[in-house]
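# Architecture and fold: a report
Letter by letter, the chains look like this.
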Amino acid sequence: MTQTADPREFNLIPGHISEFASSIKALHGVDANMCFQCRKCSSGCPLTEFMDMTPVQVIHAVRLGLKDEVLNTNTYWLCVACGTCTARCPQETGLLKVMDALANIAIREGIQPKEPDIAAFYKSGLFIIKNFGMMYETGVAGLLSLKTGNLGRDAALGIRMLKKGKLEVFPHFQNSREMKRLFKKVAKKERELAQS
Ligand code: SF4
Ligand code: SF4
């Protein structure tokens with residue numbers, strides 16, 4: 001067997017790493033080749049029954065370079081970032097980072113999300129944080145309702161929550177300029193990494 005740099009590495013095909021796995025390793029620091037398919041990640045994940053691919057299947061697909069297959073699943077959209085898979089992994093593969101990486105790649109490459117409402121929720125949240133410098137739940141809820149076409153249905157719930165003081169009517173602005181600068185910086189860094 002080929003000698004590998006890290007003794008924990010488990011090469012399914014000695015010396016082989018798919019282009020897709022290599023790019024995720026370079027951009028997000030996760031080495032799919034570390035996985036030895038023990039399935040502890042999947043057995044701890046609270047959402048596997050709803051996922052097109054379980055977490056262990058995702059990391060295996062990444063390793064094999066099945067980019068289209070894995071990017072066209074709902075798995076990484078359903079991931080709630082609880083971190084259980086990462087905490088349970090004896091190989092410290094950082095599966096949660098893979099889920100993040102897949103969502104980033106899918107957005108960058110214009111792949112239609114399998115869970116459009118969840119994607120719309122993330123985009124609404126990021127828009128609000130970027131422009132207000134902090135979370136503003138009423139703004140996220142409003143934007144999300146517009147994006148998903150559920151304004152009528154959500155309005156009644158929103159009004160009830162406002163009356164109970166669970167939502168704030170007006171936003172606060174906090175370091176919004178700084179936050180916009182930060183978003184720009186991250187976008188630039190991502191472009192540079194994607195081109196390198
Ligand atoms: S827990 Fe880690 S090593 Fe085990 S299957 Fe999941 S990713 Fe692979
Ligand atoms: S972080 Fe995501 S994939 Fe991992 S266990 Fe939690 S929901 Fe499942």
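Since the model is a prediction, treat every value here as computed from it, not as a measurement. (Residues numbered from 1 in each chain as written. Chains lettered and ligands numbered in written order. Predicted model: local features only at pLDDT ≥ 70, side-chain atom pairs only at ≥ 80, totals over all residues. Heavy atoms only, no water.)

Where empty space is left becomes clear once a probe the size of a water molecule has been rolled over the atoms. In this structure, the largest pocket occupies an estimated 770 Å³ of space. Together, 21 residues line the largest pocket, and Ala-103, Asn-104, Ile-107, Leu-126 and Glu-190 are the ones closest to its centre. Contributions of two or more residues to the lining of the largest pocket are made by helix H5 (75-78), helix H7 (95-108), helix H8 (116-132) and helix H11 (176-195). Here the lining of the largest pocket gets seven residues from one element, more than from any other, and that element is H11. (1 Å grid on protein atoms, 1.4 Å probe; cavity = no way out; pocket = protein on both sides within 12 Å on 5 of 7 lines; lining within 4 Å. Points joined across faces, edges and corners; volume = space filled by probe spheres on them. Helix = DSSP H or I, 4+ residues; strand = E, 2+ residues; numbered from the N terminus.)

One can describe the packing of H8 onto helix H9 (residues 137-148) by two numbers: an axis separation of 9 Å at closest approach and a directional angle of 140°. By the angle class used here, H8 and H9 are oblique. Relative to H9, the crossing made by H8 is right-handed. Together, Asp-117, Ala-120, Phe-121, Lys-123, Ser-124, Gly-125, Phe-127 and Ile-128 of H8 and Gly-139, Val-140, Leu-143, Leu-144, Lys-147 and Thr-148 of H9 make up the contact between the two elements. Counted by class, the contact of H8 with H9 contains seven nonpolar, four polar and three charged residues. (Axes fitted to C-alpha atoms, helices over the stretch in contact; angles between N-to-C directions. Parallel < 35°, antiparallel > 145°, perpendicular 65-115°, else oblique. Left-handed = near helix turned anticlockwise from the far one by under 90°. Contact = heavy atoms within 4.5 Å. Nonpolar A, V, L, I, M, F, W, Y, C, P; charged D, E, K, R; others polar.)

Right, let's talk about the packing of aromatic side chains for a bit. Evaluation of the coordinates by the stated rule reveals four aromatic pairs. Taking the centre distance of 5.4 Å and the plane angle of 40° together, the rings of Tyr-76 and Trp-77 count as tilted. (Phe/Tyr/Trp six-rings, centres within 6.5 Å; stacked < 30°, edge-to-face > 60°.)

A few words now on the packing of helix H3 (residues 55-64) against H7. Two numbers describe how H3 lies on H7: the axes approach to 11 Å, and their chain directions differ by 70°. Comparing the axis directions of H3 and H7 gives the class roughly perpendicular. Note on packing geometry: the crossing formed by H3 with H7 is left-handed. Seen from H3, the contacting residues are Pro-55, Val-58, Ile-59 and Val-62; seen from H7, they are Leu-95, Val-98, Met-99 and Leu-102. Here the contact of H3 with H7 is built from residues that sort into eight nonpolar, no polar and no charged.

The residue Arg-39 is not glycine, and still its phi comes out positive at about 75°. Position of Arg-39 among the secondary structure elements: in the loop between helix H1 (19-28) and helix H2 (40-44). Positive phi, close to 55°, is recorded for Ala-81, a residue that is not glycine. Topologically, Ala-81 is positioned in the loop between H5 and helix H6 (84-88).

Right, let's talk about the domain arrangement of the protein for a bit. We note that the domain assignment places domain 1 (19-108) and domain 2 (116-195) within the protein. On a C-alpha basis, the centroid separation for the pair domain 1 and domain 2 is 26 Å. For the pair domain 1 and domain 2, the summed buried area comes to about 540 Å², and 72% of that belongs to carbon and sulfur atoms. By the criterion of area lost to domain 2, the three top residues of domain 1 are Leu-27, Trp-77 and Arg-108, representing 70% of everything that side buries. (Domains from an automatic or database assignment. Buried area = accessible area lost by both parts, 1.4 Å probe.)

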